[in-house]
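Each chain, letter by letter, is given below.
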Amino acid sequence: MRGLGAEHSTPFGLHMSAALSYDPGRAEKNEGGNYWSSGSEKLQGLGKIKRSTTINLDLSQDVADWLAVNVGGEFAISGQKHRGNQYTIGLTLRPWTTETDQVELGLSAMFGDKDYNKTYFGVTSEQSLRSRYGQFNAESGVYAYSLGAQWTHVIDEHWATLVAGEYHQFSSKIKKSPIVQDSSGVTAVVGLHYTFRAFRPLFRQQGLSEGHRNLPEGGMGNPLPHGSLPPHENLPPHENLPPCLASPSRLLKGFPAVREARMKHLRTSAAARCRRRT
């Protein structure tokens, strides 16, 4: 899960976030009734992957109004021993943006260190003896790629809707794991977003509130005429957009909601869709 965290953006298009999150791990049996659970009877003998507390760090830099570079990492701080960590690097393109709508396209690669790939995709010699699967050495490296799209629409100064989807595919190396059958999958999210911070473009479109109409222009000079709007042509690009549209993937930064659905699919692919050892 995304967890509890904080986010900071700079006028130069640099966006940073950190969140305390939770990894539900993986069981050797089907734990029905719990959306976050991951398990299957077919995993008997592989051992249980314990739940873990993680810290998610994300960094995004706007290269242009329509392009951003994103990097991130998920680091385990408690729970499963030798769970390992995973990392993400990608690009976000913003081909269409208005004061109320934004469309984004994202392309990313997901990396796992040796412990992470071994935990979720590998089969050790001991696990092979206890299960039906042959030994598989999952080394560090890219374990999956993803291509996503997102549309965000601002309804008013506090509410926005979003529709997002993502296609993901395991790397050629991970596809060879005996506990992975489906090499790809699709996830989708439809949501409603609320922010306590009013979306600024709507104020510019509809007029300032009564308490702001007489603010000095630029902090100095004469008050603005009643009902007029302050000039904003010279503001940085991100200042002309709502907080969720201020940069690529602001609302679903790195597609976190879709990412969690994708991670559930990736982690349960070994739980629900397995190949028998031949």
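S.K.: Help me understand the overall build of the protein chain in this model?
M.R.: Scanning the protein chain from N- to C-terminus turns up five helices and nine strands. What you see in the protein chain, going N to C, is helices and strands ordered as β-β-β-β-β-β-α-α-β-β-α-β-α-α. Expressed as a percentage of its 278 residues, the buried residues of the protein chain come to 45%. For the protein chain, long-range pairs separated by at least 24 residues make up 63% of all intrachain contacts whose partners lie at least 6 apart in sequence. Carbon together with sulfur atoms contributes 58% to the accessible area of the protein chain, which is approximately 14,200 Å² in total.

S.K.: Whenever I open this one, the packing of aromatic side chains confuses me. Can you help?
M.R.: A full pass over the atoms with the stated rule returns six aromatic pairs. Judged by centre distance (5.7 Å) and plane angle (35°), the rings of Tyr116 and Tyr143 are tilted. Remark: Tyr143 occurs in strand β7 (residues 141-154) and Tyr116 occurs in helix α1 (residues 114-121); sequence separation between them is 27 residues. Per residue, the accessibility class of Tyr116 equals that of Tyr143, and both read buried. Between Phe121 and Tyr143, the aromatic rings sit 5.5 Å apart at their centres with planes inclined by 35°, giving tilted as the arrangement. Remark: Tyr143 occurs in strand β7 and Phe121 occurs in helix α1; sequence separation between them is 22 residues. Of the two residues, Phe121 and Tyr143, both sit in the buried class.

S.K.: Teacher, can you tell me more about unusual backbone geometry here?
M.R.: Negative phi values dominate among residues other than glycine, just as trans dominates among peptide bonds. The backbone of His82 shows a phi angle near 55°, a positive value even though the residue is not glycine. With respect to the element layout, His82 can be found in the loop between β4 (67-78) and β5 (86-97).

S.K.: What is the right way to read a positive patch on the surface from this model?
M.R.: Together, Lys29, Lys48, Lys50 and Arg51 line one region of the surface with positive charge. Secondary-structure assignment places Lys48 in the loop between β2 (14-23) and β3 (52-64).

S.K.: Just to check I follow, could you spell out the sheet that holds strand β6 (residues 101-112) for this structure?
M.R.: What holds strands together in a sheet is hydrogen bonding between their backbones, with the strands either parallel or antiparallel. Read across the sheet, nine strands follow the order β1-β2-β3-β4-β5-β6-β7-β8-β9 without closing on themselves; strand pairing throughout is antiparallel. The open sheet terminates on both sides in strands that have one partner only, identified here as β1 (4-9) and β9 (184-194). The sheet shows a mean angle of 15° between the axes of neighbouring strands, direction not considered. Direction of pairing for β2 relative to β3: antiparallel, over a ladder of 10 bridges. Looking at β3, one finds that Ser17 is bridged to Asp58.

S.K.: Sorry if this is basic, but what is going on with a nonpolar patch on the surface here?
M.R.: Taken together, the side chains of Val63, Trp66, Val69, Leu91, Leu93 and Leu105 present a nonpolar region at the surface, about 510 Å² in accessible area. Within the fold, Val63 resides in strand β3.

S.K.: Would you explain the pairing of β5 in this entry?
M.R.: Two faces, one strand: in a regular strand the side chains alternate between the faces of the sheet. For β4 and β5, the ladder comprises eight bridges, and the chain directions are antiparallel. The residue of β5 that forms the bridge with Val71 is Ile89. The turn linking β5 back onto β6 is made up of three residues.

S.K.: How should α1 be read in this particular structure?
M.R.: Of all the positions in α1, only Tyr116, Asn117, Thr119, Tyr120 and Phe121 are classed as buried. Down the axis of α1, the sector holding all buried residues measures 160°, keeping them to one side.

S.K.: When you look at the pattern of salt bridges in this model, what are you seeing that I'm missing?
M.R.: Within the structure shown, the criterion is met by two salt bridges. The shortest N-O distance in the salt bridge between Glu74 and Arg83 comes to 2.4 Å. Across this residue pair, the class does not change: Glu74 and Arg83 are buried. Salt bridges sharing common partners tie together Asp23, Glu74 and Arg83.

S.K.: Would you mind showing me how to read the nonpolar core here?
M.R.: Most often, soluble globular proteins have nonpolar side chains that are buried together. The biggest cluster of nonpolar side chains holds 17 residues, and the ones touching the most others in it are Leu46, Phe121, Val123, Tyr143, Phe170 and Ile179. Listed by contribution, the elements that provide at least two residues to this core are α1 and β7. Top element by residues in this core is α1. It accounts for three residues.

Cut-off values and rules
- Per-chain numbering applies: the sequence of each chain, read as written, is numbered from 1 onward.
- The predicted origin of the model limits local features to residues at a pLDDT of at least 70 and limits the giving and counting of side-chain atom pairs to 80 or more, whereas totals for whole chains, interfaces and linings rest on all residues.
- Side-chain descriptors were evaluated using all non-hydrogen atoms of the structure, hydrogens and water having been removed beforehand.
- Helix and strand assignments come from DSSP, with helices taken as H or I runs of at least 4 residues and strands as E runs of at least 2, each series counted from the N terminus.
- Type-normalised accessible area, obtained with a 1.4 Å probe on protein chains alone, sets the label of each residue: buried when under 20%, exposed when over 50%, and partly exposed for intermediate values.
- Any two residues whose heavy atoms approach within 4.5 Å are treated as being in contact.
- Here, Shrake-Rupley sampling with a 1.4 Å probe gives the accessible areas, and only protein chains in the shown set may cover a residue.
- By convention, a stacked pair of Phe, Tyr or Trp rings (six-membered ring in the case of Trp) has centres within 6.5 Å and planes under 30 degrees apart, an edge-to-face pair has planes over 60 apart, and any other such pair is tilted.
- Patches here are clusters of residues that have more than 30% relative accessible area and form no salt bridge, with a 9 Å joining cutoff for like charges and a 5 Å cutoff for nonpolar side chains (Val, Leu, Ile, Met, Phe, Trp, Tyr).
- What counts as a salt bridge is simple: a side-chain nitrogen of Lys or Arg found within 4 Å of a carboxyl oxygen of Asp or Glu.
- Charge assignment: positive for Lys and Arg, negative for Asp and Glu; neither His nor the chain ends contribute.
- Charge placement uses NZ in Lys and CZ in Arg. For Asp and Glu, CG and CD serve respectively.
- Criterion used throughout: strands pair if DSSP finds at least two bridges between them.
- A fitted line through C-alpha atoms serves as each axis, taken over the contacting stretch for helices, and the angle formed by two N-to-C directions is quoted from 0 to 180°.
- What the arc describes is the spread of directions from the helix axis to the C-beta atoms.
- The term nonpolar core refers to a set of buried residues drawn from Ala, Val, Leu, Ile, Met, Phe, Trp, Tyr and Cys, joined through side-chain atoms within 4.5 Å.

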